[in-house]
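# An overview of the molecular structure
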Amino acid sequence: MKKVLVIGSAGQIGTELVLTLREKFGNEAIIAADIKEPAAVILESGAFEKLDILNKEALLAVVTKHKITEIYLLAALLSATAEANPKFAWQLNMEGLFNVLDLAKDKIIEKVFWPSSIAVFGPTTPKLNTPQVTTMEPTTVYGISKQAGERWCEYYHDKYGVDVRSIRYPGLISYTSLPGGGTTDYAVDIFYSAKKQEDFTCFLSEETALPMMYMEDAIRATIDLMEAPVENVKVRSSYNIAGLTFTPAEIFEAIKAHVPNFKINYQPDFRQDIANSWPSSIDDRVAKADWGWDSKYDLEKMTQVMLDNISV
Ligand code: NAD
């Protein structure tokens, strides 16, 4: 019987992933876990376990107690937060992954989802339509940990037969829960300022184009990849997926069409350097061919949904 553990279920992705998985497979099939308390809607709709992913024994106890068959591992330090605490970011992002991969290696669980990021790419990567396989010289702690994680996922698959699946998420945009310290957080924060009728100060410059995606697309991609027949999953490092690309100026204009008095100013900080090292757009033809990925949200549709649903 399918029994899923989502670790990092209080986060931006975890909150929506747990709710969607519970809708799809039933509340009893999906166990939420996090080091901190998740949203009330998670606690009310099913089981929650307080868990530190770095505690291997506690992880095994939760997996055994609930007879877990699959783990979605979302606990990590994100790009901006990781730069402030490099050693701990490396420890959390790598040891957490090993703890989960080892459970699959030991055949205690059957399947693992672990997200990578566009942060695996670096300044020497082609910026436009970044290919699935290309030069990868990440310059952030976060990117280095994600790139190493990808290599380990492929290694565990090839050497130990571990069924691990992964996506390189772009910047994710959602209204259910707030982002957790990434370089693309501005693209969520800007909607809150617009709804509050406040001026918005952007920490990236106006022409910084980055790959982004509306959360619903990202969640659908994640579950589709995990449910795909094993023979269709040919990439065991991590799949490129693309949603939309926009600059701060472009998202500002899209919002201004709905909020005419809205104003923006630009004060780039250390996150500008991170953004400058990342691609502007992503080539996702491999994911499309292997397991039928396609995005549904463009900038207009996402802007409308965000403005309709954010309450301030
Ligand atoms: P988030 O920061 O919003 O959530 C991470 C969650 O992990 C938090 O609830 C946190 O409490 C939990 N956590 C931290 N340390 C833990 C520990 N020791 N044990 C258990 N739980 C712990 O992050 P997110 O945006 O939801 O991202 C989830 C994953 O997706 C991460 O691996 C991230 O690198 C990746 N990702 C996210 C984005 C994005 O735009 N959000 C983009 C690319 C990749």
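Here is what the cut-offs are and how they apply
Residues numbered from 1 in each chain as written. Predicted model: local features only at pLDDT ≥ 70, side-chain atom pairs only at ≥ 80, totals over all residues. Heavy atoms only, no water. Domains from an automatic or database assignment. Contact = heavy atoms within 4.5 Å. Salt bridge = Lys/Arg side-chain N within 4 Å of Asp/Glu carboxyl O. Polar contact = N/O pair within 3.5 Å; in protein donor to acceptor, adjacent residues only side chain to side chain. Helix = DSSP H or I, 4+ residues; strand = E, 2+ residues; numbered from the N terminus. Buried < 20%, exposed > 50% of the residue type's maximum accessible area, 1.4 Å probe, protein only. Pairing = 2+ DSSP bridges. Right-handed = clockwise from strand over helix to strand, strands pointing away.

## Remarks on the domain arrangement of the chain
Entries for the chain in the domain assignment read domain 1 (4-170 + 214-240) and domain 2 (171-212 + 243-309). Relative to domain 2, the C-alpha centre of domain 1 lies at a distance of 22 Å. Opposite the 41 residues of domain 1 that make contact, domain 2 presents 42 residues. Linking domain 1 with domain 2 are one salt bridge. Between domain 1 and domain 2 we count 23 residue pairs in polar contact (both at pLDDT 80 or more) in total. Elements supplying a minimum of two residues to the side of domain 1 that touches domain 2: α1 (12-25), α4 (79-84), β8 (167-169), α8 (215-227) and β12 (239-240). Take the side of domain 1 that touches domain 2: its biggest share by element is eight residues, from α8.

## Some details on the pairing of strand β2 (residues 30-34)
Every regular strand shows the same layout, with side chains that alternate between the two sheet faces. With five of five residues buried, β2 is to be regarded as a mostly interior element. Side chains I30, A32 and D34 of β2 all project onto a buried face; the interleaved residues I31 and A33 project onto the opposite face, where all are buried too. Here four bridges tie strand β1 (residues 4-7) to β2, and the two strands are oriented parallel to one another. Within β2, the residue paired with L5 across the bridge is I31. Handedness of the crossover is the feature at issue here: the chain leaves β1, passes through α1, returns alongside β2, and the resulting connection is right-handed. Note: β2 against strand β3 (residues 48-50), three bridges, orientation parallel. Bridging from a neighbouring strand, A33 pairs with E49 of β3. Crossover handedness for the path β2 to helix α2 (residues 40-45) to β3: right-handed.

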